[in-house]
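# Per-entry structural report
Residue-level listing of the chains:
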Amino acid sequence: MPSTTAPNTAPISADASAGNPSSTVAALWPRVRRWLFPALGLVVLGLLLSHAHKVDWAGAWQALRRYSPLLLLAVLGLATASHALYGCFDLIGRHHTRHKLPRLQTWAIAVTSYAFNLNLGSLVGGVALRARLYARAGLDETTIAQIVGISLATNWLGYGLVAGSLFAAGLIAPPSQAHIGATALRLLGAAMVLLAVAYVLACAFFKGREWRVRGRRLQLPSAGLALVQLGLSATNWALMGAAMYLLLGTQVEYGKVLGVLMAASIVGVIMPIPGGLGVLEAVYLALLSGSVRQGTLMGAVLAYRALYYFLPLAGGLVLYVVLERFAAGRSAGSCSGGAPIA
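Just so it is clear, the model here is predicted, and its values are computed rather than measured.

Conventions adopted
- Residues numbered from 1 in each chain as written.
- Predicted model: local features only at pLDDT ≥ 70, side-chain atom pairs only at ≥ 80, totals over all residues.
- Heavy atoms only, no water.
- Patch = residues over 30% accessible without salt bridge, like charges linked within 9 Å, V, L, I, M, F, W, Y side chains within 5 Å.
- Areas by Shrake-Rupley, 256 points an atom, 1.4 Å probe, with all protein chains shown as cover.
- Salt bridge = Lys/Arg side-chain N within 4 Å of Asp/Glu carboxyl O.
- Helix = DSSP H or I, 4+ residues; strand = E, 2+ residues; numbered from the N terminus.
- Phe/Tyr/Trp six-rings, centres within 6.5 Å; stacked < 30°, edge-to-face > 60°.
- Buried < 20%, exposed > 50% of the residue type's maximum accessible area, 1.4 Å probe, protein only.
- Axes fitted to C-alpha atoms, helices over the stretch in contact; angles between N-to-C directions.
- Parallel < 35°, antiparallel > 145°, perpendicular 65-115°, else oblique.
- Left-handed = near helix turned anticlockwise from the far one by under 90°.
- Contact = heavy atoms within 4.5 Å.
- Nonpolar A, V, L, I, M, F, W, Y, C, P; charged D, E, K, R; others polar.
- pLDDT = per-residue confidence, 0-100.

Another point: a nonpolar patch on the surface. Nonpolar side chains collect at one region of the surface, where Leu120, Leu123, Val124, Val127, Leu152, Trp156 and Ile266 lie side by side and expose about 570 Å² of accessible area between them. Counting only elements with at least two residues in the nonpolar patch, the list comes to helix H6 (122-136) and helix H7 (141-168). At three residues, the largest contribution of residues to the nonpolar patch is made by H6. Tracing the backbone through its elements, the reader meets Ile266 in helix H10 (residues 254-270).

Written as structure tokens, this is what we have:
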């Protein structure tokens, strides 16, 4: 509420805030957080590199050489299908927000951001790059926020549905160093599935209701659209697991391979290392080293990173240049009074 007291009371209020420990901590936290997470990432990366000499690199190289071109092509096809399916997440946002950008342009922005997201981190690819491309295309901040929010919700609700189902079914045995029992892991899985179900129910019961978050208008999608979100995301995670399953030569059952992938994905999000570099490899080595020879396992992980991360990034760079030139052409056409590029 605006103050109606005399002006000389303002300095007293400021001094009181300055002497408040909680206010001081709140003011310092953004600065601490800015450096804390990168420092943590460097520590984790250093620990991973310190154990690099223990990896059977010769065995990994031999495993890579044994892959047939047909198998690698099949894995690349699964990776391409996964990236293409992820692009449909933003088409859900397009349908929900009813913005007028062409479907192909919307899909291309999502695919581009996903490729950058995997290799450079979610803040760079999943949020900043996507926001820039949509802003260059002419969308307002509220619409962009809803598109990004729907995409993130689609990805992680599908993750919760798939991972929760695997945990609840008891297909994933927690490692001894995880300090979590099998029963607790099953309960956690059931809670993750219930969260996904609760989202669909919320979309059904609160359809049309609006919320304002930091001055921006947000609205839940319909229940039908929520089911589409879960279906597309679950399929996307299944494709990712299938790619690794093929690379491991079907030596490990598909459910276990998919479960390890889910574990590696969430650890990669927690650890602030671009692209989860080293994290994916470390989780697979920790959880599957008893089932697959280390050289074979490392070869599969390296092949997966090349086919699912690095090659799509090259395509993402091409799409990014095309989208930027397209946006520049539209801006030039608008400024000159000409018709925008179709």
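All right, on to the packing of aromatic side chains then. Applying the stated rule across the entire model yields eleven aromatic pairs. When the centroid spacing of 5.1 Å and the interplanar angle of 65° are considered together, the rings of Trp156 and Tyr159 count as edge-to-face. Residue Trp156 and its partner Tyr159 are both found in helix H7; the two are separated by three residues, about one turn of the helix. When its relative accessible area of 6% is taken as the criterion, Tyr159 is described as buried. Between Tyr159 and Trp237, the ring centres sit 5.2 Å apart and the planes meet at 65°, which makes this aromatic pair edge-to-face. Highlighted residues: Tyr159 in helix H7 and Trp237 in helix H9 (residues 223-247), separated in sequence by 78 residues. Looking at Trp237, the relative accessible area reads 4%, which means it is buried.

Let us look at the pattern of salt bridges. Across all of its chains, the model carries three salt bridges by this definition. Between Arg130 and Asp90 there is a salt bridge whose closest N-O contact spans 3.0 Å. Of the two residues, Arg130 sits in helix H6 while Asp90 sits in helix H4 (residues 69-97), which places them 40 residues apart along the sequence. The exposure class assigned to Arg130 is buried, which follows from its relative accessible area of 0%. Ionic contacts of the salt-bridge type, sharing partners, join the residues Arg132, Arg136 and Glu324 into one network.

So, about the packing of helix H8 (residues 182-205) against H9. Packing of H8 against H9 leaves a shortest axis separation of 7 Å and a crossing angle of 155°. In terms of axis orientation, H8 runs roughly antiparallel to H9. Our pair here, H8 against H9, has a crossing hand that is right-handed. Mapping the contact onto sequence places Ala196, Tyr199, Val200, Cys203 and Ala204 in H8 and Ala223, Ala226, Leu227, Gln229 and Leu230 in H9. Tallied by class, residues from the contact of H8 with H9 come to nine nonpolar, one polar and no charged.

The next thing to look at is the side chain of Asn117. For Asn117, the location among the structural elements is in helix H5 (residues 103-120). In contact with Asn117, other than residues within four places in its own chain, are Ser122, Gly125 and Gly126.

When pLDDT is averaged across the protein, the result is 79; 72% of the residues are at 70 or more. The low-confidence segment residues 1-19, where pLDDT is below 50, has two contacts with residues more than four positions distant or belonging to other chains. Contacts of residues 336-342 to residues separated by more than four positions or lying in other chains number six contacts, the stretch itself having pLDDT below 50.

Looking now at the environment of Leu247. Mapped onto the elements of the fold, Leu247 is located in helix H9. Taking the C-alpha atoms as reference points, Leu247 and Val75, 172 residues apart in sequence, are found 7.5 Å from one another. Not counting the four nearest positions on each side in its chain, Leu247 is found in contact with Tyr67, Leu72, Val75, Ala300, Ala303 and Tyr304.

What follows concerns the environment of Leu195. Tracing the backbone through its elements, the reader meets Leu195 in helix H8. With 38 residues separating them along the chain, Leu195 and Leu157 place their C-alpha atoms 7.9 Å apart.

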